[in-house]
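A look at the structure
So you can see what is in the structure, the chains are spelled out below.
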Amino acid sequence: IDPVLLRSTGTRFRPLSFEVPKPLFPVAGVPMVQHHIEACTKVPGMKEILLMGFYQPHEALSRFLVSAQQEFKIPIRYLQEYAALGTGGGIYHFRDQILSGGAEAFFVLNADVCSEFPLQEMLEFWQQNGDAHSFVILGTTANRTQALNYGCIVANANTQEVQHYVEKPSTFVSEIINCGIYLFTPAIFQHIGEVFQRNQQELVLEENSNGWQRAEVIRLEQDVFTALAGSGKLYVYKTDGFWSQIKSAGSAIYASRLYLNQYSKSHPERLAQNKPEGPIIRGNVYIHPTASIDSTAVLGPNVSIGEGVTVGAGVRVRESIVLHGASLHDHTCVLNTIVGWDSTIGRWARVEGTPSDPNPNDPYAKIDSETLFRDGRLTPSITILGMSHLPQPRGAEFLPSCSLSHTLSPGCSVTIPAEVVILNSIVLPHKELSRSYKNQIIL
């Protein structure tokens with residue numbers, strides 16, 4: 001929800017912000033937010049990156065910022081909100097920092113999406129079609145049914161001006177959906193400020209206020225875009241590149257697949273290759289240099305192996321993410337699973353989940369944010385060893401992780417004994433299982 005901002009001073013840009021625990025979850029071998037940062041650094045004249053969120057800064061975040069600054073040679077800072085203000089409220093609260101230095105434009109990237117991030121293309125589109133008072137939304141095409149789950153955009157076919165915007169409509173509006181990636185100019189703060197003033201007035205007039213409402217909480221899509229549509233100030237740039245939300249465990253594995261496929265085209269050196277003394281690689285696989293993989297193991301397609309992972313003889317891993325320090329003993333089988341930090345899977349065990357992939361026969365299908373329960377039963381999904389928490393009331397905005405980093409706790413430390421089967425289950429950290437489980441949450 002809380003975004004990355006990219007601001008410009010002339011031809012120099014500054015990206016900012018994201019909600020923090022999720023972006024540190026590894027996808028395709030690196031933290032989610034690193035894909036955003038890498039895309040931002042490709043925009044010419046990048047000046048500074050600011051991460052925005054209301055979570056307390058911590059050692060893992062600080063270490064990541066230092067590492068990212070060294071890798072990308074660009075200043076990166078974290079701005080902490082005093083409360084969850086929403087995307088619009090967050091950037092309005094830090095508007096002085098965003099605009100310092102005479103910013104002419106800035107991008108906003110939501111943290112919980114994966115994409116090719118066509119930022120340069122959006123910038124060129126804005127330069128050709130917009131002005132200092134216009135803004136651009138990145139859009140993509142969804143099928144008619146799934147479009148109802150997103151912000152829907154009705155645009156002029158010739159000018160791409162947004163004529164109508166509805167967030168999660170109850171009936172079909174448009175197949176063009178909001179990707180959560182925006183290009184703004186400083187003029188956006190005038191429109192957000194008007195919403196802030198209106199919220200203040202409504203709170204003063206509201207006699208039955210429960211006291212928890214804040215005028216500073218501003219939803220960018222519902223409160224701002226809906227009003228801007230049809231004003232000649234909002235445009236959509238449509239992309240045919242890959243895009244997906246990352247709001248559930250299953251979508252994390254799907255996002256990893258998308259990024260690994262992108263690596264095969266843009267960064268083939270990041271992917272593992274079949275070697276005479278190495279494991280058998282099928283499809284796109286990322287292996288951290290510190291991982292120890294037996295030569296008889298079979299990995300892939302779409303596998304990410306983290307730092308310090310040990311994979312024994314005859315192990316089979318497919319469509320999975322194996323995080324730091326995990327150990328897969330001989331002849332284990334891991335399918336459609338996220339293996340948490342420092343977890344152990346015993347010999348001849350089988351850990352398997354059910355994928356929640358989009359319809360492969362529909363080019364516009366998106367991954368559904370599955371609910372944890374359906375008809376009173378656990379929805380079959382990927383298996384997770386070491387989920388730190390169940391979804392909060394806000395909805396499906398969670399990702400499996402033991403903690404923000406293995407350095408903040410001893411790790412997930414889930415132990416699966418030899419010769420058991422774990423199917424479609426969620427296992428919380430520090431559990432030592434003694435038998436097989438199916439379709440269960442193990443607290």
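Residues numbered from 1 in each chain as written. Predicted model: local features only at pLDDT ≥ 70, side-chain atom pairs only at ≥ 80, totals over all residues. Heavy atoms only, no water.

Inclusion rule: UniProt positions are given in the numbering used here, feature names are shortened, and annotations may be inferred rather than shown by experiment.
Under the annotation held in an unreviewed UniProt entry, the protein carries the name GMPAA guanyltransferase and is attributed to Semnornis frantzii. Quoted straight from UniProt, the Sequence similarities (unreviewed entry) entry for the protein says "Belongs to the transferase hexapeptide repeat family."

A short note on the overall build of the protein
Quick note on the threshold: Strands here mean DSSP runs of E at least two residues long; helices mean DSSP runs of H or I at least four residues long; both are numbered from the N terminus. Throughout, exposure labels follow a simple rule: accessible area from a 1.4 Å probe, protein chains only, divided by the maximum for the residue type, with under 20% read as buried, over 50% as exposed, and the rest as partly exposed. Using a 1.4 Å probe, the Shrake-Rupley method yields the accessible areas, and only the shown protein chains count as cover for residues.
Looking only at helices and strands, one finds eight helices and 35 strands in the protein. Considering the protein as a whole, with its 443 residues, one finds that 56% of them fall into the buried category. Put simply, the protein shows about 18,700 Å² of open surface, and 48% of that area lies on carbon and sulfur atoms.

Quick word on helix 8 (residues 249-266)
Our working rule: Given the number of residues in a helix, its expected span is that number minus one, multiplied by 1.5 Å.
Under the 1.5 Å per step criterion, the end-to-end length of helix 8 is 26 Å for 18 residues, consistent within 8% with the ideal 26 Å. Within helix 8, 13 of the 18 residues are buried, which leaves it mostly tucked inside the rest of the structure.

Here's the deal with the pairing of strand 9 (residues 135-141)
For clarity, the cut-off: Strand pairing follows a simple DSSP-based rule, namely that at least 2 bridges must link the two strands.
In terms of residue burial, strand 9 counts as a mostly covered element, since seven of its seven residues are buried. The sheet contact formed by strand 9 and strand 12 (residues 176-184) spans five bridges and is antiparallel. Across the sheet, residue Val 136 finds its bridge partner in strand 12, namely Leu 183.

Quick notes on the pattern of salt bridges
It is possible for side chains bearing opposite charge to pair when their charged atoms get close. Just so we agree on the cut-off: In what follows, salt bridge is the name for a side-chain nitrogen of Lys or Arg lying within 4 Å of a carboxyl oxygen of Asp or Glu.
Enumeration over the complete set of coordinates arrives at eight salt bridges. Notably, a salt bridge pairs Glu 48 with Arg 77, separated by 2.6 Å at the nearest N-O pair. With a gap of 29 residues between them, Glu 48 in the loop between helix 1 (32-41) and strand 5 (49-53) and Arg 77 in strand 6 (residues 76-80) connect regions that are remote in the sequence. Since its relative accessible area comes to 32%, Arg 77 is described here as partly exposed. Three or more residues joined by partner-sharing salt bridges are found here, namely Arg 257, Glu 319 and Asp 357.

Considerations on the packing of helix 1 against helix 2 (residues 59-72)
Heads up, the condition is: Comment: axis = line fitted to C-alpha atoms, over the contacting stretch for helices; angle = value between 0 and 180 degrees taken between N-to-C directions. In these notes the angle categories are as follows: under 35 degrees is roughly parallel, over 145 is roughly antiparallel, 65 to 115 is roughly perpendicular, and the rest is oblique. In a left-handed crossing the near helix is turned counterclockwise from the far helix by less than a right angle, and in a right-handed crossing that turn is clockwise. Note on contacts: a residue pair is in contact if any heavy atoms of the two residues lie within 4.5 Å. Side-chain classes are defined by residue name, with Ala, Val, Leu, Ile, Met, Phe, Trp, Tyr, Cys and Pro counting as nonpolar, Asp, Glu, Lys and Arg as charged, and the others, Gly among them, as polar.
The geometry of helix 1 relative to helix 2 is characterised by a closest axis approach of 11 Å and an angle of 30° between their N-to-C directions. The angle between helix 1 and helix 2 places the two elements in the roughly parallel class. The two elements helix 1 and helix 2 cross, and the hand of that crossing is right-handed. Between helix 1 and helix 2, the contacting residues are Val 33, Gln 34, Ile 37, Glu 38 and Thr 41 on the first element and Phe 64, Glu 71 and Phe 72 on the second. Looking at the contact of helix 1 with helix 2 residue by residue, the classes come out as four nonpolar, two polar and two charged.

A short note on the pairing of strand 11 (residues 162-167)
Where strand 10 (residues 151-155) meets strand 11, five bridges bridge the pair, whose relative direction is antiparallel. Looking across to strand 11, one finds that Cys 152 is bridged to Val 166. Remark: six residues form the turn of the hairpin made by strand 10 and strand 11, two consecutive strands paired antiparallel; Gln 160 in that turn has positive phi of roughly 65°.

So, the sheet that holds strand 32 (residues 421-423)
Spatially, 15-18-21-24-27-32-34 is the arrangement adopted by the seven strands of the open sheet, whose pairing is parallel. Two strands in the sheet have a free side with no partner beyond their single neighbour: strand 15 (280-281) and strand 34 (437-438). Looking at chain direction, strand 15 and strand 18 (residues 298-299) are connected through two bridges and run parallel. Bridged to Ile 280 within strand 18 is Val 298.

A short note on the packing of aromatic side chains
Basically, it comes down to this: Any pair of Phe, Tyr and Trp rings, taking the six-membered ring for Trp, is counted once the centres come within 6.5 Å. Such a pair is stacked with planes under 30 degrees apart, edge-to-face with planes over 60 apart, and tilted for the rest. Whether a charge sits over a ring depends on NZ of Lys or CZ of Arg being within 6 Å of the ring centre and within 35 degrees of the ring normal.
By the definition in use, this model includes 13 aromatic pairs. Between Tyr 92 and Phe 196 the ring centres are 5.8 Å apart and the planes differ by 40°, which places this aromatic pair in the tilted class. Of this pair, Tyr 92 sits in helix 3 (residues 86-93) while Phe 196 is found in helix 6 (residues 188-205), placing the two residues 104 residues apart along the sequence. Residue class for Tyr 92 comes out buried when judged on its relative accessible area of 14%. With centroids separated by 5.7 Å and ring planes inclined at 65°, the aromatic side chains of Tyr 150 and Trp 243 adopt a geometry described as edge-to-face. Taken together, the positions of Tyr 150 in the loop between strand 9 and strand 10 and Trp 243 in strand 14 (residues 243-245) put the pair 93 residues apart, joining distant regions of the chain. Judged by relative accessible area, Tyr 150 falls into the buried class, the value being 5%. Classification of Trp 243 by relative accessible area gives buried; the value is 5%. Each member of the aromatic cluster is reached from another via a ring pair, and the members are Phe 106, Phe 135, Tyr 165, Tyr 182, Phe 184, Phe 189 and Phe 225. Positioned over the ring face of Tyr 92 is Arg 95, at 3.9 Å from the centre of the ring. The positively charged end of Arg 144 is found above the aromatic ring belonging to Phe 172, 3.7 Å away from the centroid.

Thoughts on the sheet that holds strand 19 (residues 303-305)
The strand order 16-19-22-25-30-33-35 describes an open sheet built from seven strands, whose pairing is parallel. Because the sheet does not close on itself, it has two edges, and the strands there are strand 16 (285-287) and strand 35 (441-442). As paired elements, strand 25 (residues 337-339) and strand 30 (residues 383-385) share three bridges and run parallel to each other. Directly across from Thr 337, in strand 30, lies its bridge partner Thr 383.

Considerations on the nonpolar core
Stated formally: Residue types Ala, Val, Leu, Ile, Met, Phe, Trp, Tyr and Cys, when buried and joined through side-chain atoms within 4.5 Å, form a set referred to as a nonpolar core. How far each domain reaches was decided by an automatic or database domain assignment.
Residues Phe 25, Leu 51, Ile 76, Phe 117, Leu 119, Leu 183 and Ile 338 are the most contacted members of the largest nonpolar core, which totals 69 residues. Per element, the largest residue contribution to this core is nine residues, and it comes from helix 8. When residues of this core are assigned to domains, at least three map to each of domain 1 (2-207 + 217-245) and domain 2 (271-390 + 411-438). Judged by nonpolar contacts, the second largest core, of 32 residues, contains Leu 50, Ile 137, Ile 153 and Ile 218.

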